[in-house]
Amino acid sequence: MAAASAARAVGRRSRRLFDIFVAEVPWTVSSKELKEYFSQFGSVQRCQLPFDKDTGFHRRYCWIKFSTPQDVQNVFQKDSHILEGAKLALKQQSRRRRGQRKTQSE
């Protein structure tokens, strides 16, 4: 049991290393399609699209990691991002160094 909670904690920390959080991803869109779409803005290093083990469907959100900060800025210069008729909701992830914790003032 402790190993499972430790693995979840590592997963949460690693997601902070991603540049963009994307929500409202249509059910029919795959991680490959997301990578292809976002590659028009720069070099996509990684796309993490989590799946629900019970349903087999993805959870309709993902994280995108780009090669450079300029690639991220390119994404946010476009007003809206639409895939298969659905508008994606994007949020830039805040970067934290390892071991850094959120303070109460944040």
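As a reminder, the structure under discussion sits directly above these lines.
Values in this document were obtained by computation on a predicted structure and should not be read as measured data.

Looking at the overall build of the chain
- Check the secondary structure of the chain and you find 3 helices and 6 strands.
- Its helices and strands in sequence order give the chain the pattern α-β-α-β-β-α-β-β-β, from N to C terminus.
- In the chain, which comprises 106 residues, the share counted as buried stands at 27%.
- At a minimum sequence separation of 6, the contacts of the chain that also span at least 24 residues come to 63%.
- Carbon and sulfur atoms provide 49% of the accessible area of the chain, an area that totals close to 7,600 Å².

Some remarks on the packing of aromatic side chains
- This model, assessed by the stated rule, comprises 8 aromatic pairs.
- Look at Trp 27 and Phe 57: their rings are 5.7 Å apart centre to centre, the planes differ by 70°, and that puts the pair in the edge-to-face class. Remark: Phe 57 occurs in the loop between strand S2 (44–48) and strand S3 (61–66) and Trp 27 occurs in the loop between strand S1 (20–23) and helix H2 (31–38); sequence separation between them is 30 residues. A single burial state applies to Trp 27 and to Phe 57, both of which are exposed.
- An angle of 70° between the planes, with centres 5.8 Å apart, marks the rings of Tyr 37 and Phe 41 as edge-to-face. Of the two residues examined, Tyr 37 and Phe 41, each falls in the buried class.
- Grouping aromatic residues by their ring pairs yields a cluster made of Tyr 37, Phe 38, Phe 41 and Phe 66.

Reading the values: the criteria
Along each chain, residues carry numbers from 1 onward, in the same order as the chain's sequence is written. The model is predicted, so local features are restricted to residues of pLDDT at least 70 and side-chain atom pairs to those at 80 or more, both for listing and for counting; the totals for chains, interfaces and linings are taken over all residues. Side-chain descriptors were evaluated using all non-hydrogen atoms of the structure, hydrogens and water having been removed beforehand. Helix and strand definitions here come from DSSP, where helices need a minimum of 4 consecutive H or I residues and strands a minimum of 2 consecutive E residues; each element is numbered from the N-terminal end. For every residue, the accessible area (1.4 Å probe, protein chains only) is compared with the maximum for its type, and the residue is labelled buried under 20%, exposed over 50%, or partly exposed between those bounds. Here, two residues are considered to be in contact whenever any of their heavy atoms come within 4.5 Å of each other. A 1.4 Å probe and the Shrake-Rupley method give the accessible areas. Residues count as covered only by the protein chains that appear here. Aromatic pairs are defined between Phe, Tyr and Trp rings, using the six-membered ring for Trp, whenever the two ring centres lie within 6.5 Å; interplanar angles under 30 degrees are classed as stacked, those over 60 as edge-to-face, and all others as tilted.

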